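Working through the structure, step by step
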Amino acid sequence: MVLFGRGEEFADRIRMWAWSLVPIAIAVWSIGGMWIVYFMAVANGSVNISEVFPYISTCGSYPPQSCIFGQVLNVAAILVVWVAFIRYQQVRDLGCHSHLNTASTVLGVLSALGISMVGNFQQSNQFEAHVVGAILAFFVGVAYFWLQTIMTYRVKPRYCGRWVGPLRFLLCTACTVLIIMMGVLHSQNMKGVAAICEWIAAMFLFLLFALFTVEFRHIDGHFFHVQKKVISIPNEMQVSTLTLGV
């Protein structure tokens with residue numbers, strides 16, 4: 001019985017740590033994938049870094065790396081949606097659910113949509129759609145993390161110690177400044193420096209996703225199930241319906 005109990009405890013710990021790996025997967029997959037695309041673009045001459053440092057999207061605009069770029073961001077978008085909903089449910093389960101939690105989840109999903117659009121609508125093919133995706137990915141993405149920073153101090157228990165809140169605040173501040181600088185520098189035709197700001201901002205955004213691992217390692221379960229519910233109608237007939245429970 002003791003061994004059985006320890007086995008269950010060990011399995012629970014494995015499941016808890018498994019959830020904490022999802023945010024890390026976003027950062028590792030996305031950052032690694034974008035740099036692979038960059039090195040491929042440099043190697044095959046799609047970009048010339050001796051002339052100007054390229055934007056992320058410029059590196060991913062031309063084949064064959066454009067195919068990898070799209071796939072990397074599509075997978076990243078799926079993971080972002082997953083993390084956004086897990087975080088939403090975690091906050092709700094802790095009794096801190098509010099309109100702020102709902103709004104942040106909506107922003108997270110919109111950010112994921114933007115990430116997917118950036119990967120699928122290359123700037124050399126569908127520039128307008130690409131710009132919309134970039135706005136959703138960067139501007140809406142950083143707004144999502146500003147709301148998450150606020151909720152870091154509202155959720156009880158916090159599970160993240162005293163350092164995660166200040167770190168989130170610093171990374172959000174840095175991202176905001178870098179995104180503004182990127183727009184200003186691009187308008188001044190200083191595209192190389194603007195591209196560097198874009199790369200750093202993207203890295204910081206994905207690191208912000210990785211920070212969720214601190215909270216997610218305390219999740220002991222997360223599932224959806226469908227259950228039957230019998231209801232009565234006026235003609236005394238019973239109908240079996242399906243409802244979604246969390």
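What this report covers is the structure whose coordinates are included nearby.

**Quick notes on the nonpolar core**
In this structure, Phe145, Leu208 and Phe209 are the most contacted members of the largest nonpolar core, which totals 54 residues. Mapped by element, the contributors of at least two residues to this core are helix H1 (2-43), helix H2 (56-59), helix H3 (65-93), helix H4 (99-120), helix H5 (127-154), helix H6 (164-187) and helix H7 (191-210). Excluding residues that lie within four positions of it along the chain, phenylalanine 209 makes contacts with Pro23, Ile26, Val80, Val83, Tyr144 and Phe145. Grouped together as the second largest cluster of nonpolar side chains are five residues, Leu100, Leu147, Met151 and Val155 included.

**Brief notes about unusual backbone geometry**
The peptide bond linking proline 63 to proline 64 adopts the cis configuration, its omega dihedral lying at 5°. The residue proline 64 is located in the loop between H2 and H3 in this model. Positioned with a positive phi, asparagine 189 is a non-glycine residue whose angle comes to about 65°.

**So, the packing of aromatic side chains**
Overall, the coordinates contain 14 aromatic pairs when judged by the stated rule. Seen in terms of ring centroids, tyrosine 38 and phenylalanine 53 are 5.7 Å apart; in terms of plane orientation they differ by 35°. Their pairing is tilted. With tyrosine 38 in helix H1 and phenylalanine 53 in the loop between H1 and H2, the pair connects residues that are 15 residues apart, well separated along the chain. Look at phenylalanine 53 and you get partly exposed, because its relative accessible area is 23%. One aromatic cluster is present, built from ring pairs that chain together Trp35, Tyr38, Phe39, Phe53 and Trp199.

**Thoughts on the side chain of arginine 87**
Tracing the sequence through the fold places arginine 87 in helix H3. The buried charged residue arginine 87 lacks any salt bridge partner; its closest oppositely charged side chain belongs to glutamate 215, at an N-O distance of 4.1 Å. Of the polar contacts made by the side chain of arginine 87, one reaches the side chain of glutamine 148; its length is 3.2 Å. Excluding residues that lie within four positions of it along the chain, arginine 87 makes contacts with Asn101, Tyr144, Gln148, Val155, Phe212, Glu215 and Phe216.

**Thoughts on the packing of H4 against H5**
Between H4 and H5, the shortest axis-to-axis distance is 7 Å and the interhelical angle comes to 150°. On the basis of their axis angle, the class for H4 and H5 is roughly antiparallel. Between H4 and H5 lies a crossing of left-handed hand. Its residues assigned to classes, the contact of H4 with H5 comprises 19 nonpolar, ten polar and one charged.

Rules used in this analysis
For every chain, the first residue of the written sequence is number 1, and numbering continues from 1 onward in sequence order. Where local features are concerned, this predicted model is filtered to residues with pLDDT of at least 70; where side-chain atom pairs are given and counted, the filter is 80 or more; whole-chain, interface and lining totals use all residues. Excluded from the side-chain calculations are hydrogens and water; all other atoms, namely the structure's heavy atoms, are used. Working definition of a nonpolar core: buried Ala, Val, Leu, Ile, Met, Phe, Trp, Tyr and Cys residues. They are joined through side-chain atoms within 4.5 Å. With a 1.4 Å probe rolled over the protein chains alone, any residue whose accessible area is under 20% of its type maximum counts as buried; one over 50% counts as exposed, and the rest are partly exposed. To qualify as a helix, a DSSP run of H or I must reach at least 4 residues; to qualify as a strand, a run of E must reach at least 2; elements of each kind are numbered from the N terminus. By definition in these notes, contact holds between two residues if any of their heavy atoms fall within 4.5 Å. Any two rings among Phe, Tyr and Trp, with Trp reduced to its six-membered ring, count as a pair given centres within 6.5 Å; such a pair is stacked if its planes are under 30 degrees apart, edge-to-face if over 60, and tilted if neither. This count recognises Lys and Arg as positive and Asp and Glu as negative, with His and chain-terminal groups excluded. Here, a salt bridge means any side-chain nitrogen of Lys or Arg that lies within 4 Å of a carboxyl oxygen of Asp or Glu. Any pair of N or O atoms that falls within 3.5 Å is considered a polar contact. Within protein, one atom must be able to donate a hydrogen and the other to accept it, and sequence-neighbouring residues count only if both atoms are side-chain atoms. Axis definition: a line fitted to C-alpha atoms, limited for helices to the stretch in contact. Angles are taken between N-to-C directions and run from 0 to 180 degrees. These descriptions rest on fixed angle ranges, namely under 35 degrees for roughly parallel, over 145 for roughly antiparallel, 65 to 115 for roughly perpendicular, and the rest for oblique. Each crossing gets its handedness from the near helix: less than a right angle anticlockwise from the far helix is left-handed, clockwise is right-handed. In the scheme used here, Gly and all other residues not listed as nonpolar or charged are polar, with Ala, Val, Leu, Ile, Met, Phe, Trp, Tyr, Cys and Pro taken as nonpolar and Asp, Glu, Lys and Arg as charged.

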